[in-house]
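# Analysis of the macromolecular model
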Amino acid sequence: MNTIKLVCRNLFRRKGRFVFTLLGISIGMASFVALLSLGGSMRGEVTRQAQAMGANFMIMPEDICVFNLIAIVTGETISESLPHEIFERIEVLDGITVIPHLTQKAAVKDVPSVIVGILPEETRSFREWEMEEGEYFAYQDENAVVIGSDFAERRGLNVGDEVTIRNEQFTVKGMLAPNHSNDDMTVFLPLSVAQRLFEKEGVISYMSAKVDDMAKMEQYEAAIVAVANVQVATDEQLLGSVLAILGSVNITLQLVAAVALIAAAFGIINTMMTAVYERRREIGILRAIGGKRRDVFRVFMLESGLYGLFGGIAGVIIGLSAAVFAGEFISQIGANDLLKGASPQAGVDVSVIVTAVLFSLTVSIGAGLYPAWKAAKLTPVEAISYE
Amino acid sequence: MNKSIIKTENLEKIYGKSKVKTHALKGVNMEIPQGSFSCIIGTSGHGKSTLMHLIGGLDKPTAGKVFIDDVNISDLSDNKLSCLRAKKIGFVFQFFNLLQNLTALENIQTAMMFGRGSPRRQSGFAHERQRALELLELVGLSDKANAKPNEMSGGQQQRVSIARALANDPDILLMDEPTGNLDSKSEKEVLEHIFKIHKTGKTVVIVTHNKELAAQAEMVFEIKDGTLSIT
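Residues numbered from 1 in each chain as written. Chains lettered and ligands numbered in written order. Predicted model: local features only at pLDDT ≥ 70, side-chain atom pairs only at ≥ 80, totals over all residues. Heavy atoms only, no water.

## Comments concerning the environment of Phe125(B)
Residue and element names in this part refer to chain B. Examined against the element boundaries, Phe125 turns out to sit in helix 4 (residues 125-138). The class for Phe125 is partly exposed, based on a relative accessible area of 49%. C-alpha separation for the pair Phe125 and Lys211, spaced 86 residues apart in sequence, amounts to 42 Å. (Helix = DSSP H or I, 4+ residues; strand = E, 2+ residues; numbered from the N terminus. Buried < 20%, exposed > 50% of the residue type's maximum accessible area, 1.4 Å probe, protein only.)

## Here's the deal with empty space enclosed by the protein
All names here are of chain A. If you walk through the whole model with that rule in mind, you get four cavities of 30 Å³ or more. A volume near 120 Å³ is recorded for the second largest cavity. Forming the boundary of the second largest cavity are Asn10, Leu11, Arg13, Arg14, Arg17, Thr271, Met272, Ala275, Glu278, Arg279, Glu303 and Tyr307. Residue composition of the lining of the second largest cavity, grouped by class: four nonpolar, two polar and six charged. (1 Å grid on protein atoms, 1.4 Å probe; cavity = no way out; pocket = protein on both sides within 12 Å on 5 of 7 lines; lining within 4 Å. Points joined across faces, edges and corners; volume = space filled by probe spheres on them. Nonpolar A, V, L, I, M, F, W, Y, C, P; charged D, E, K, R; others polar.)

## Quick notes on the confidence of the model for chain A
Mean pLDDT over chain A works out to 83, with 89% of the residues at or above the 70 mark. Note that pLDDT drops below 50 for residues 333-346 of chain A; the model gives that stretch 39 contacts with residues more than four away or on any other chain. (pLDDT = per-residue confidence, 0-100. Contact = heavy atoms within 4.5 Å.)

## Digging into a negative patch on the surface
Where like charges cluster on the molecular surface, the negative patch consists of Glu88(A), Glu91(A), Glu121(A) and Glu122(A). Within the residue set of the negative patch, elements represented by two or more residues are helix 4 (84-91) and helix 5 (120-127) of chain A. (Patch = residues over 30% accessible without salt bridge, like charges linked within 9 Å, V, L, I, M, F, W, Y side chains within 5 Å. Areas by Shrake-Rupley, 256 points an atom, 1.4 Å probe, with all protein chains shown as cover. Salt bridge = Lys/Arg side-chain N within 4 Å of Asp/Glu carboxyl O. Lys, Arg positive; Asp, Glu negative; His and termini not counted. Charge placed at Lys NZ, Arg CZ, Asp CG, Glu CD.)

## Overview of the packing of helix 5 (residues 154-165) of chain B against helix 6 (residues 184-198) of chain B
Residue and element names in this part refer to chain B. Interaxial distance between helix 5 and helix 6 falls to 9 Å at its minimum, and their mutual angle equals 15 degrees. As judged from the angle between their axes, helix 5 and helix 6 are roughly parallel. Crossing of helix 5 against helix 6: the hand is right-handed. Along the contact surface, helix 5 presents Gly155, Gln158, Arg159 and Ile162, while helix 6 presents Ser186, Glu189, Val190, His193, Ile194 and Ile197. The residue makeup of the contact of helix 5 with helix 6, split by class, is four nonpolar, four polar and two charged. (Axes fitted to C-alpha atoms, helices over the stretch in contact; angles between N-to-C directions. Parallel < 35°, antiparallel > 145°, perpendicular 65-115°, else oblique. Left-handed = near helix turned anticlockwise from the far one by under 90°.)

## Points about the environment of Ala322(A)
All names here are of chain A. By secondary structure assignment, the location of Ala322 is in helix 11 (residues 293-334). Judged by relative accessible area, which is 33%, Ala322 ranks as partly exposed. Remark: the alpha-carbon pair of Ala322 and Leu35, spanning 287 residues in sequence, is separated by 9.3 Å.

## Section: the sheet that holds strand 9 (residues 219-224) of chain B
Residue and element names in this part refer to chain B. Taken together, the six strands give an open sheet; going across it, the order is 6-7-8-3-9-10, and neighbouring strands pair in mixed fashion. Of all the strands in the sheet, the pair left with one neighbour each is strand 6 (89-92) and strand 10 (227-230). For this sheet the average axis-to-axis angle between neighbouring strands, irrespective of direction, equals 20 degrees. Across four bridges, strand 3 (residues 37-41) lies against strand 9 in parallel orientation. Counterpart to Ile40 in the pairing with strand 9 is Phe221. (Pairing = 2+ DSSP bridges.)

## Section: the pairing of strand 10 of chain B
All names here are of chain B. With four bridges joining them, strand 9 and strand 10 adopt antiparallel strand pairing. Looking at the pairing, Glu222 lines up with Ser229 of strand 10. Linkage of strand 9 to strand 10, two consecutive antiparallel strands, is achieved through a turn of two residues, within which Asp225 is found at a positive phi near 50 degrees.

The following block contains the structure:
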C-alpha cells in the first residue's frame, strides 16, 4: 500500500462526483486551451500571410481603421479605397515597384468568396506565382478567372469550368500553385474587369510595394507621401500592429476562459470540502493508526492534484478538438482562412499542452489547499468520534 | 510483577472552553504492567473512552501525565505522537473503523505504511504483504484477504481490525468495546483471538461493559464520574 494507491481508491469511490468535478475543470481547461490554440494559430497565420505577400511595404488609405489592417494582412476585403490615379503617380517613382489590388467579396457557387482584381503580369512577377494547372491571364482585360488551389478544391472547380460572379459568367483559366498564403483561397480577376464588375471604376483598395534599396526606405516613404495623400507602413509595422491587436483579443479571450477555470476551481474546493466532512471518521482512523497531519494533508492534496491532472489532460484533448473544429467551421462559413492554422495539419503546439496541464495542476492544487488544511487540522479524537 | 508499560499521574481531562465544562477525568492514577491483560469498566459517559484516548495518545490531557514505556507522552509533539501510535500502540474500536474502500489486506497494509522504519518489522512491499497475509491467517481470515468490509460480517470485520492493530507489532493493544457490536457467536470468536494474542506477550487493555470479560482480566479498573478505582 502507498499513498497514491490510497488516493486513487478514494478518488474513484464516488464515480459520479468524480466525473462531474472532472467535467467542471475539463470544460474550463478546454475553453482555455481552445482559445489559446486559436489565438496562437491566428498569430502564426497572420505572420505567414504577411511573409507570403512578398512586399516591403503597403500603401493604404490615410485613415485606415485597425480592422482593415488585419484585412490587408489576411487578404480580406477592406472598406476604404484609393483613387486609381494615385497608383499611377506612385508607379513612376524611381526605385519603387508597386502593384494595386481591388479586394471585393462575392458569392461563388453560393459561398462568399474573396475576389481580387490585379494587374496580371505585374502581380505575377511581383508575387512570383507559378501555375499548378491551366494557364495564366494572357492580357490585361481578359474575361477569365485564375483561382487558388484550395479554393478550387473546396468549391470542386477545375480548369475550364464556368463560374458565375455577380451574374456574369467567367471561365476558370488556371489554377495557381499553392504558396500557403491567402492566395490559395482567392479568385483573381484582371483589375479592369474587377473594377467594372463591382462598379468600382477608377478605384483600388490598397497597394503592395517593393523597393530597390531598403536602406532608403525613409526617402521612398517621403517621396510617396509627397505625391499622394496615403499611409505607408512597412510589412513589419503592419504585422506588429495586427499582432498587437490580436494579442489584446487573445488576452481578453483568455481572461474569459480563466473565469471558467476559476469557477471549476471552486468546484474542486466544494468537492474536497464535502469529502473532508464525509470522511472525517476515515481521517480519524488514519490518524489513530499512525498517520501524521502531513500524511492526511498529502492524501487530500494529491486527490485535488489528480483532479487537476486528469482534468487538464481531458481539457487539452477537448480544447484542441474544439479548436480544430472551430477553425474549420469558421474557415468554411466565412471563406476566411485566418484560422486555417488551427487545422490538424498545423500540428499541435506542445507548449500549449504543457502550459495548460501545468496551469490546471496549479489551480487544482491551489483549490485543494484549504480543504487539505482543514482535514489535517482535525484532531484524531474529534475525527474518529464523528458520527 | 513486570515493570509498568502504561502509567498515568493525576490525569485530568476537561472538555469545553466556555462556561459549560465537563470534567471527564479527575486525577486518575494508574499503572499497567507490561504483558498484562487489563479491563477498564464503568457505565457510559463516566470517562472510560476518554482515558483510553489519553493513554493511546489520541488526545492530550488538560493536566497530569501519561507515561508509555517511561516516556511522558503528554509533552510529545503531534508528529511524535503519531509515530508512537504507529509503532507502539494498536487500536481496536467498537465499530471496527476499517477503511471501507479498501480490502482487508489493504487495511492492514495501510497501517504498515505509517509504521515503516519500525525496528520490529521489515519494510518493503513484498514483506508487508506477506506479513499482512500472516496476520489475516492469525485471525482466521486468510480467505477474506480481498474482501471489502461491506462483504464481511461484524465479527470478521473486528478480526480484521485486530489484525490491523497488530500490523506494526506493537507492545500495547487498546480496545474500546471490541465485542460491543457483535452477536454472541462472533463475540466468542473475537475474544478467543484476543486471548491468543495476549499470550504472545502483548499488553492488552480493554474498555468494556462486559462483566464476564472483565472477570477474566488480570487487572480491572472501574471508572465512575471520572475517578478511577482498582477492583
